[in-house]
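Coordinates in review
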Amino acid sequence: MTKTYAAFYLPPEEKEIKQPNQKNVDRIKGSILQSYNNIQNYMSVNDIETMAKNIDLQSTTEFTQRYAVGALSKIINGEAVTNKTMLDSLFNTYAPALNAGLAQTGFNSLVEMRNAVQAGNGQVNVANFVQGFSNGLSAVQNSVNETDYSKKYGEEIPIDVVTSCEFNYTTTKAYQKIEDVGFLPLYIDDLDPVTIKIFGHVKNENAELWGINDFNNKLVDAMMSKKQLYLRVGKSIYENCTILSYKPTIENIYNISFELHININYNLDTYSEATDGKTRIMNPPRLVGDFGNFYYNMASSEVYKGIITS
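Residues numbered from 1 in each chain as written. Predicted model: local features only at pLDDT ≥ 70, side-chain atom pairs only at ≥ 80, totals over all residues. Heavy atoms only, no water.

**Here's the deal with the overall build of the protein chain**
Put simply, the rule reads: A run of DSSP states H or I qualifies as a helix once it reaches four residues; a run of E qualifies as a strand once it reaches two. Both are numbered from the N-terminal end. Two residues form a contact once any of their heavy atoms are found within 4.5 Å. Where accessible areas are quoted, they stem from the Shrake-Rupley method and a 1.4 Å probe; at the residue level, only the protein chains shown are allowed to cover.
Per the secondary structure count, the protein chain includes 10 helices and 12 strands. The long-range fraction of contacts in the protein chain, counting pairs at least 24 apart against all pairs at least 6 apart in sequence, stands at 68%. Carbon together with sulfur atoms contributes 49% to the accessible area of the protein chain, which is approximately 17,500 Å² in total.

Spelled out as structure tokens, the structure:
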């Protein structure tokens, strides 16, 4: 997150997680297991399975994958890899993984490692190489997963000044007399979606109308598409927000003020009241209880005034 004290975040579109091709994984694992006697003291069959999956996930084509695995098999058997296609397939395709495990292999650079692999003659410590390569593959794959698929706040739409936030909590009261508290759930509704009215300002330092229009269009598009977004005010983050109305006013070419109404759908399964470092998720939790004993553990009403970007 940037240094802005308040912002909206448009969640990124979810990407399909790439899955390993089990046929390729079985083939890679089979090739490595042919030399298993040379590595069984420091790699289990499960380790080889994981390694094979990462090799498949990080390859570009099956052709390069086959040659790279052929080079790996030769290294495990203590043989020199003299075939240029094998060398290129291994060191070009899996350079990030080899580099990530470089220190563990005992080489100072990929060029030094490549020369040793090509020369053979015991210049490669098989145990160190295979473990370093395996760990490097895992490190690269974990990085890819975190970058592409972990929960992210998404594109930031910064708010320069928040003058106030007004919170509105409502529910429906039962109109009939209730004789038995055991029937309360039949007559008392859950808390309605919480609405927040936000008043703020956005600077337009470039003095160009397109800058203001860009800010407006993103919020209007989110409202029209009913896209759920995040609101951050200070270190408090409100998830599952939907824009109900948005009223911008161009006070001058350098400044736009706005009034924006959002609601928080706290009934979604994705609601959270956890902490993320110094950040707290502020969504109101559901109504919980047993028969007549009900507990309203709702977010406290908060007012932010004069929060200005540093």
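**Details of the environment of N77**
To be explicit about the condition: Here's how the labels work: a residue is buried when its accessible area is under 20% of the maximum for its type, exposed when over 50%, partly exposed in between, all with a 1.4 Å probe on protein chains only. Each polar contact in these results corresponds to two N or O atoms within 3.5 Å; when the atoms are within protein, one needs to be able to donate a hydrogen and the other to accept it, and residues that are neighboring in sequence are counted only if both atoms are side-chain atoms.
With respect to the helices and strands, N77 occurs in the loop between α3 (62-76) and α4 (84-93). Judged by relative accessible area, which is 37%, N77 ranks as partly exposed. A sequence separation of 39 residues divides N77 from N38, and the C-alpha atoms of the two residues are 7.0 Å apart. Those residues in contact with N77 that lie beyond four places of it in its chain are S35 and N38. Within the structure, the side chain of N77 is placed 2.8 Å from the side chain of S35, a separation counted as a polar contact.

**Comments concerning the pairing of strand β1 (residues 6-10)**
Applicable threshold: One bridge is not enough; two strands pair if DSSP finds at least two bridges between them.
Within β1, five of the five residues are buried, which leaves it mostly tucked inside the rest of the structure. Of the two faces of β1, both are covered, the one formed by A6, F8 and L10 as well as the one formed by A7 and Y9. Here five bridges tie β1 to strand β2 (residues 155-159), and the two strands are oriented antiparallel to one another. Its bridge partner being in β2, Y9 is matched across the sheet by E156.

**Points about the nonpolar core**
Threshold: Nonpolar core, defined: a set of buried Ala, Val, Leu, Ile, Met, Phe, Trp, Tyr and Cys residues in which side-chain atoms within 4.5 Å join the residues together.
Among the nonpolar cores identified, the biggest contains 36 residues, and I39, M51, I55, L90, V117, F129 and F133 are the most heavily contacted of them. Those elements that place two or more of their residues in this core are α1 (22-33), α2 (45-57), α3, α4, α5 (95-100), α7 (110-119) and α8 (126-149). Excluding residues that lie within four positions of it along the chain, V117 makes contacts with I75, E79, A80, V81, L87, F91, V124 and F129. A6, I159, I198 and M223 belong to the second-largest nonpolar core, a separate cluster that totals 28 residues.

**Overview of α1**
Applicable threshold: What a helix is expected to span follows from its residue count: subtract one and scale by 1.5 Å.
With 12 residues, α1 should cover 16 Å at 1.5 Å per step; its first-to-last C-alpha distance of 16 Å lies within 8% of that length. For α1, the elements touching its buried residues are α2 and α3. For α1, the side-chain oxygen to backbone nitrogen distance between the N-cap and K23 is 2.9 Å, and the N-cap itself is N21.

**So, the packing of α1 against α2**
The line we're drawing: In this description, a line fitted to the C-alpha atoms serves as the axis of each element, helices being fitted only across the stretch in contact, and the angle between N-to-C directions of two axes falls anywhere from 0 to 180 degrees. Throughout this description, any angle smaller than 35 degrees is read as roughly parallel, any larger than 145 degrees as roughly antiparallel, any in the 65 to 115 degree range as roughly perpendicular, and the remainder as oblique. In this scheme, a crossing is called left-handed if the near helix is turned counterclockwise away from the far one by less than a right angle; it is called right-handed if the turn is clockwise. Residue classes follow a fixed rule: Ala, Val, Leu, Ile, Met, Phe, Trp, Tyr, Cys and Pro count as nonpolar, while Asp, Glu, Lys and Arg count as charged, and any other residue, Gly among them, counts as polar.
The interhelical angle for the contact between α1 and α2, taken along N-to-C directions, is 125°, at an axis separation of 8 Å. Compared by their axis directions, α1 and α2 come out oblique. Crossing of α1 against α2: the hand is right-handed. For the pair α1 and α2, contact is made by Q22, N24, V25, I28, K29, I32 and L33 and by I48, E49, M51, A52, K53, I55 and D56, respectively. Broken down by class, the residue content of the contact of α1 with α2 amounts to eight nonpolar, two polar and four charged.

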